[in-house]
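Summary of the model geometry
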Amino acid sequence: MTTYIVLINWTEQGAKNVRDSPKRLDAAKKLLGDMGGSFKSFYLTMGECDMVAIVEAPDDAVLARFALMLATGGNVKTRTLKAFPEFAYREIISSLG
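This write-up is about the structure you can find in this document. (Residues numbered from 1 in each chain as written. Predicted model: local features only at pLDDT ≥ 70, side-chain atom pairs only at ≥ 80, totals over all residues. Heavy atoms only, no water.)

1. A few points about the nonpolar core
Ranked by size, the top nonpolar core spans 16 residues in total, and within it Ile8, Phe39, Ala53, Val55, Leu63 and Phe66 carry the most contacts. Elements represented by at least two residues in this core include exactly strand S1 (2-10), helix H2 (21-34), strand S3 (51-57) and helix H3 (60-72). Counting residues per element, this core draws most heavily on S3, at four residues. When residues no more than four places from it in sequence are discounted, the contact partners of Phe66 are Ala28, Leu31, Leu32, Met35 and Phe39. (Core = buried A, V, L, I, M, F, W, Y, C linked by side-chain atoms within 4.5 Å. Buried < 20%, exposed > 50% of the residue type's maximum accessible area, 1.4 Å probe, protein only. Helix = DSSP H or I, 4+ residues; strand = E, 2+ residues; numbered from the N terminus. Contact = heavy atoms within 4.5 Å.)

2. As for the layout of surface pockets
When its volume is computed, the largest pocket comes out at roughly 310 Å³. Lining the largest pocket are 19 residues, with Arg24, Leu25, Ala28, Leu70 and Val76 sitting closest to its centre. Broken down by secondary-structure element, the contributors of at least two residues to the lining of the largest pocket are S1, H2, strand S2 (38-44), S3 and H3. With six residues, H2 is the single largest residue contributor to the lining of the largest pocket. When grouped by side-chain class, the residues that make up the lining of the largest pocket number 15 nonpolar, three polar and one charged. (1 Å grid on protein atoms, 1.4 Å probe; cavity = no way out; pocket = protein on both sides within 12 Å on 5 of 7 lines; lining within 4 Å. Points joined across faces, edges and corners; volume = space filled by probe spheres on them. Nonpolar A, V, L, I, M, F, W, Y, C, P; charged D, E, K, R; others polar.)

Below, the structure is given as structure tokens:
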């Protein structure tokens, strides 16, 4: 499984319907689960992003499909970062020679 960090901001529509946000999160967790992935952690945040999720998915295509499906709801905008765990980081750096 690949790990991704998803930075999430409410759209104007999402902010207007913020009380429904927990239900939308539950639906997103189910959607990703049905696609073979999972939420590892989720945070309401202060600052540049409204929320941050750490998720796992089988591959980039699954995560891209998930992000696009979230976008169709019109409640959030996302930015996704592919995350490399420490062991991969060390392998990548050591491969530099």
